[in-house]
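Descriptive structure summary
This is what each chain is made of:
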Amino acid sequence: MHYPEPIAQLMESYMKLPGIGEKTAARLAFYTVNMQEEDVTRFAKSLISVKRDLQNCSICGNMTQNDPCDICEDKNRDQSVILVVEHTKDVISMEKMQDFKGLYHVLHGVLSPIEGTGPEDINIPILIKRLQKDEVKEVILATNATAEGEATAMYLSRLIKPSGIKVTRLAHGLSIGSDIEYADEVTLLKAVEGRREM
């Protein structure tokens, strides 16, 4: 089907988003056409704002409007613990828990030899500089339980341990409410390895 050029361009833009195919892009484009002009303008300004007004914190790498970010600036947080995550969205997930009171470090990816991503391609050098400060006592590795996430955690562990800083890993295993019979072998293995005394 031949769409009018403005609709076709809008659909093309929507299809650049993950998980958006042609049908969904068409539905979103026609929904946008029917929106109030002020809502479309606000939407467009929001898109431009996230590109212009956000930056990575020079200390932890978290996405922020101010540098350093609010978390790094908060002196009430435990300066002796750094939780290492892959992406900014992981920081947001941890903060929703409202229980972790330490600091963060965002890697912006993981090691992946297949994709040509090495230690210098993600935010590892800045982490190592941070760890040279005396107050850091523990690094919690919170990369995902993927092959790349595990490889990144192992690499960081080997890099950090010689400095005498405690290195821990988030527990992985069965989620609350899940059945053992539906869990895959890796999940079950992690659950057994991460068992604790009751």
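A brief look at the structure comes next. (Residues numbered from 1 in each chain as written. Predicted model: local features only at pLDDT ≥ 70, side-chain atom pairs only at ≥ 80, totals over all residues. Heavy atoms only, no water.)

**Description of the pairing of strand β6 (residues 166–169)**
The criterion, for reference: Being paired, for any two strands, means DSSP has found at least two bridges between them. A run of DSSP states H or I qualifies as a helix once it reaches four residues; a run of E qualifies as a strand once it reaches two. Both are numbered from the N-terminal end. With the strands aimed away from the viewer, a crossover counts as right-handed if its path from the first strand over the helix to the second runs clockwise.
Strand direction decides the pairing type here: strand β5 (residues 138–141) and β6, joined by 4 bridges, are parallel. Note that in β6 the partner of Val139 across the bridge is Val167. Handedness of the crossover joining β5 and β6 through helix α7 (residues 147–160): right-handed.

**Here's the deal with the pairing of strand β4 (residues 103–106)**
Filter applied, for reference: Three exposure classes are used, based on accessible area relative to the maximum for each residue type with a 1.4 Å probe and protein chains only: buried under 20%, partly exposed in between, and exposed over 50%.
By the alternation rule, side chains of β4 split into Leu103 and His105 and Tyr104 and Val106, which are all buried. Pairing of strand β3 (residues 81–85) with β4, which is carried by 4 bridges, proceeds in the parallel orientation. Within β4, the position partnered with Val84 by the bridge is His105. Following the chain from β3 across helix α5 (residues 88–97) to the adjacent parallel β4, one finds a crossover that is right-handed.

**A short note on the pattern of salt bridges**
Operational definition: Each reported salt bridge corresponds to a side-chain nitrogen of Lys or Arg within 4 Å of a carboxyl oxygen of Asp or Glu.
A full pass over the atoms with the stated rule returns 3 salt bridges. When the shortest N-O distance is used, the salt bridge between Glu95 and Arg77 registers 2.8 Å. Taken together, the residues Glu95 in helix α5 and Arg77 in the loop between α4 (70–73) and β3 connect sequence positions 18 residues apart.

**Remarks on the side chain of Thr88**
Defined as follows: Under this definition, polar contacts are N or O atom pairs within 3.5 Å; protein pairs additionally need one hydrogen-donor-capable and one acceptor-capable atom, and for neighbouring residues in sequence, both atoms have to be side-chain atoms. By definition in these notes, contact holds between two residues if any of their heavy atoms fall within 4.5 Å.
With respect to the secondary-structure elements, Thr88 resides in helix α5. Within the structure, the side chain of Thr88 is placed 3.4 Å from the backbone nitrogen of Met63, a separation counted as a polar contact. Look past the residues within four positions of Thr88 in its chain and what remains in contact with it is Gly61, Asn62, Met63, Val106 and His108.

**With respect to the packing of helix α6 (residues 124–131) against α7**
Definition in use: For helices, the fitted axis covers only the stretch in contact; all axes are lines through C-alpha atoms, and the angles between them, taken along N-to-C directions, range from 0 to 180 degrees. Note: crossing handedness is left-handed where the near helix turns anticlockwise from the far helix by less than a right angle, and right-handed where it turns clockwise. Any residue that is not Ala, Val, Leu, Ile, Met, Phe, Trp, Tyr, Cys, Pro, Asp, Glu, Lys or Arg is counted as polar, Gly included; the first ten are nonpolar and the last four charged.
It is the contact of α6 with α7, at a shortest axis distance of 12 Å, that shows an interaxial angle of 35 degrees. Considering the relative orientation of α6 and α7, their crossing is right-handed. Taken together, the residues of α7 that come into contact with α6 (itself represented by Ile124, Leu127, Ile128 and Leu131) are Tyr155, Leu156, Leu159 and Ile160. Along the lines of polarity and charge, the residues of the contact of α6 with α7 split into 8 nonpolar, no polar and no charged.

**What to know about the nonpolar core**
One broad trend across soluble globular proteins is that nonpolar side chains are buried collectively. Rules: Here, nonpolar core refers to any group of buried Ala, Val, Leu, Ile, Met, Phe, Trp, Tyr and Cys residues whose side-chain atoms link them within 4.5 Å.
By size, the foremost hydrophobic cluster in this structure holds 32 residues, and its most contacted members are Leu83, Val84, Leu131, Val139, Leu156 and Ile160. Listed by contribution, the elements that provide at least two residues to this core are α4, β3, α5, β4, α6, β5 and α7. For this core, the leading source of residues is β3, giving 5 residues. In this structure, Met11, Tyr14, Ala25 and Ala29 belong to the second largest nonpolar core, which totals 7 residues.

**Regarding α7**
Worth spelling out the cut-off: In this scheme, a helix's expected span is set at 1.5 Å multiplied by one less than its residue total.
With 14 residues, α7 extends 20 Å from end C-alpha to end C-alpha; this agrees with the ideal 20 Å at 1.5 Å per step. Where the residues of α7 are buried, they touch β3, α6, β5 and β6.

**A look at the environment of Ile59**
Within the fold, Ile59 resides in the loop between β1 (55–56) and β2 (63–64). It is 7.2 Å that separates the C-alpha atoms of Ile59 and Cys72, two residues lying 13 residues apart in sequence. Beyond its immediate stretch of four places on either side in the chain, Ile59 contacts Pro68, Cys72, His105, Ile126 and Arg130.

**A look at unusual backbone geometry**
Note the cis peptide between Asp67 and Pro68, where omega equals 0 degrees. With respect to the helices and strands, Pro68 occurs in the loop between β2 and α4. In this structure, Gln98 takes a positive phi of about 60 degrees despite not being glycine. For Gln98, the location among the structural elements is in the loop between α5 and β4.

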